[in-house]
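# Structural overview
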Amino acid sequence: MLSLVICAVMLATVQGLGSIQLDSGSVNYDNFSEFKEAVNEELNEEIELLKESVAAANRSTDIMWLILSACLVFWMQAGFALVEVGTVSMKNTKNILVKNLLDACIGCMSFYVIGFAFAFGGNNGFIGTYYFAITNMHKPIETGSAYDGKAYAFWMFQFAFAATASTIVSGAVAERCRVIAYFVYSFALTVFVYPCVVHWVWSDYGWASAFRSSNDLLFGVGVIDFAGSSVVHMVGGTTALVAAIFLGPRKGRFGKKKFKLAQQSAAFQTLGVLILWFGWYGFNCGSTLSMQGYAADVAGSVATTTTIAATS
């Protein structure tokens, strides 16, 4: 960045010298002052143009980073589907696939219309009250764009998180839950339960958030959840536990006449695990939400930590 600024300064200075004509003969003080003023004016214009170009490039980089990370997280839906299909009997294959597919569809629409507003709408510490159907979120930015593309990219990233939290439960209730009941749960989780927890921890207004503007932070510091260990996985895991308790085990799974579960495909299981592993890089590294400053360094560290954690 510093080298670019220096080059711009040198270029602007040379251009200024070549474009300004001084009177012939000796240069008196008044002419030299005018000369300096003209050079400084042109130099400032060049610097401002450079700043705008750098800011636009940084913004574009952040938007692409969020979109790429969101796509990696959403790709985990395929991993969940393969892992679950590989561990259930063949007769329940269609049930599992339909649940995972429509889980994403229902989660998308419910999070778009209501969930995102509850999560990031602000105003109070418990639940958001605006951004329904992401209205008034995509306002024009100073660069002259017709809308704020970074806001859209942020919504996409957050939706991928919400879909993941919802899909966690699918494996816990596999072969023991009706499709309609599962869809009702999926809607309730992505439209209210998960968004409320997101609001508490990740919004600027949440009662437990470390990003509150006021000084009354929880325990003096607030809750910091970098990539969703509590917001996403605790919510999904707790919901899965409650569902498993209510449904109970498969008939004959335990007791004197217990049977061994027939697993459909070890290949599906392995491929699903690898896809989930791959998606975790978007999940964890993408949680920097930016590639500016030290965020890129954090992403590199997180990628290494994720790889070691997955292999250990």
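Each chain carries its own residue numbering, running from 1 in the written order of its sequence. Only residues with pLDDT of 70 or above have their local features reported here, since the model is predicted, and side-chain atom pairs are shown and tallied only from 80 upward, although totals for entire chains, interfaces and linings are computed over all residues. Working from all heavy atoms in the structure, the side-chain values ignore hydrogens and water.

### Considerations on the confidence of the model for the protein
Counted only if it meets this: In predicted models, pLDDT denotes the confidence assigned by the predictor to each residue on a 0 to 100 scale. Only heavy atoms matter for contacts: two residues are in contact if any of them lie within 4.5 Å across the pair.
Averaged over every residue, the pLDDT of the protein is 84; residues scoring 70 or more account for 86%. In the predicted structure, residues 8-29 sits below a pLDDT of 50 and forms 20 contacts with residues beyond four places in sequence or in another chain.

### Brief notes about the layout of surface pockets
This is how the line gets drawn: A 1.4 Å probe that fits but cannot get out identifies a cavity on a 1 Å grid over protein atoms alone, an open set with protein on both sides within 12 Å along at least five of seven lines counts as a pocket, and a residue lines either if it has an atom within 4 Å of a point. Grid points are joined across faces, edges and corners, and a volume is the space filled by probe spheres set on the points. Put simply, DSSP H or I for four residues or longer makes a helix, DSSP E for two residues or longer makes a strand, and each gets a number counted from the N terminus.
Of the pockets and cavities examined, the largest pocket occupies roughly 740 Å³. At the level of secondary structure, the elements contributing two or more residues to the lining of the largest pocket comprise helix 2 (29-87), helix 3 (93-120) and helix 4 (149-172). Here the element with the most residues in the lining of the largest pocket is helix 4; it accounts for six residues.

### Here we look at the packing of helix 7 (residues 266-285) against helix 8 (residues 295-311)
In plain terms, the rule: Axes here refer to lines fitted to C-alpha atoms; in helices the fit is confined to the stretch in contact. Angles between the N-to-C directions go from 0 to 180 degrees. By convention, the crossing between two helices is left-handed when the near helix turns anticlockwise from the far helix through less than a right angle, and right-handed when the turn is clockwise. Classification convention: Asp, Glu, Lys, Arg as charged; Ala, Val, Leu, Ile, Met, Phe, Trp, Tyr, Cys, Pro as nonpolar; all other residues, Gly among them, as polar.
Taken N-terminus to C-terminus, the directions of helix 7 and helix 8 make an angle of 145 degrees; their axes are 9 Å apart at the nearest point. Seen from above, helix 7 lies across helix 8 with right-handed handedness. Here W277, W280, Y281, N284 and C285 of helix 7 come into contact with helix 8, specifically with A299, V302, A303, T306, T307, A310 and T311. Its residues placed into classes, the contact of helix 7 with helix 8 shows eight nonpolar, four polar and no charged.

### A few points about a nonpolar patch on the surface
Note the following rule: Surface patches are drawn from residues lacking salt bridges whose relative accessible area is over 30%; two like charges belong together within 9 Å, two nonpolar side chains (Val, Leu, Ile, Met, Phe, Trp, Tyr) within 5 Å. Exposure was quantified through the Shrake-Rupley algorithm and a 1.4 Å probe, taking into account, for residues, occlusion by the shown protein chains and nothing else. The working definition used for a salt bridge is a side-chain nitrogen of Lys or Arg within 4 Å of a carboxyl oxygen of Asp or Glu.
A cluster of nonpolar residues, V98, L101 and L102, forms a patch on the protein surface that exposes about 230 Å² of accessible area. Position of L102 relative to the elements: it lies in helix 3.

### Notes on unusual backbone geometry
Note the cut-off: Residue burial is assigned from relative accessible area. The probe radius is 1.4 Å, only protein chains are included, and a residue is buried under 20% of its type maximum, exposed over 50%, and partly exposed in between.
The backbone of A133 shows a phi angle near 55 degrees, a positive value even though the residue is not glycine. Relative to the helices and strands, A133 resides in the loop between helix 3 and helix 4. Here A133 falls in the partly exposed class, since its relative accessible area comes to 24%. The residue E175 is not glycine, and still its phi comes out positive at about 70 degrees. Within the element layout of this structure, E175 appears in the loop between helix 4 and helix 5 (179-202). Under the relative-accessibility criterion, E175 is labelled partly exposed at 24%.

### Looking at the side chain of H199
Selection criterion: N or O atoms closer than or at 3.5 Å make up a polar contact, with two conditions inside protein: a donor-capable atom paired with an acceptor-capable one, and, for residues adjacent in sequence, both atoms drawn from side chains.
If you trace the backbone, H199 turns up in helix 5. Within the local environment of H199, its side chain forms a polar contact with the backbone oxygen of F118, the two atoms lying 3.5 Å apart. A polar contact is formed between the side chain of H199 and the backbone oxygen of A119, at a distance of 3.0 Å. If near-sequence neighbours (up to four positions away) are discounted, H199 is found in contact with F118, A119, F120, G122, N124, G125, F126, I127, G128, Y205 and G206.

### Some details on the pattern of salt bridges
All told, the structure shown has four salt bridges when counted by the stated rule. Between D62 and K150 there is a salt bridge, with the nearest N and O atoms lying 3.3 Å from each other. With D62 in helix 2 and K150 in helix 4, this pair connects stretches of sequence that are 88 residues apart. Of the charged contacts in the structure, one is a salt bridge between D216 and R212, with a shortest N-O distance of 3.3 Å. The exposure class of D216 is partly exposed, given its relative accessible area of 48%.

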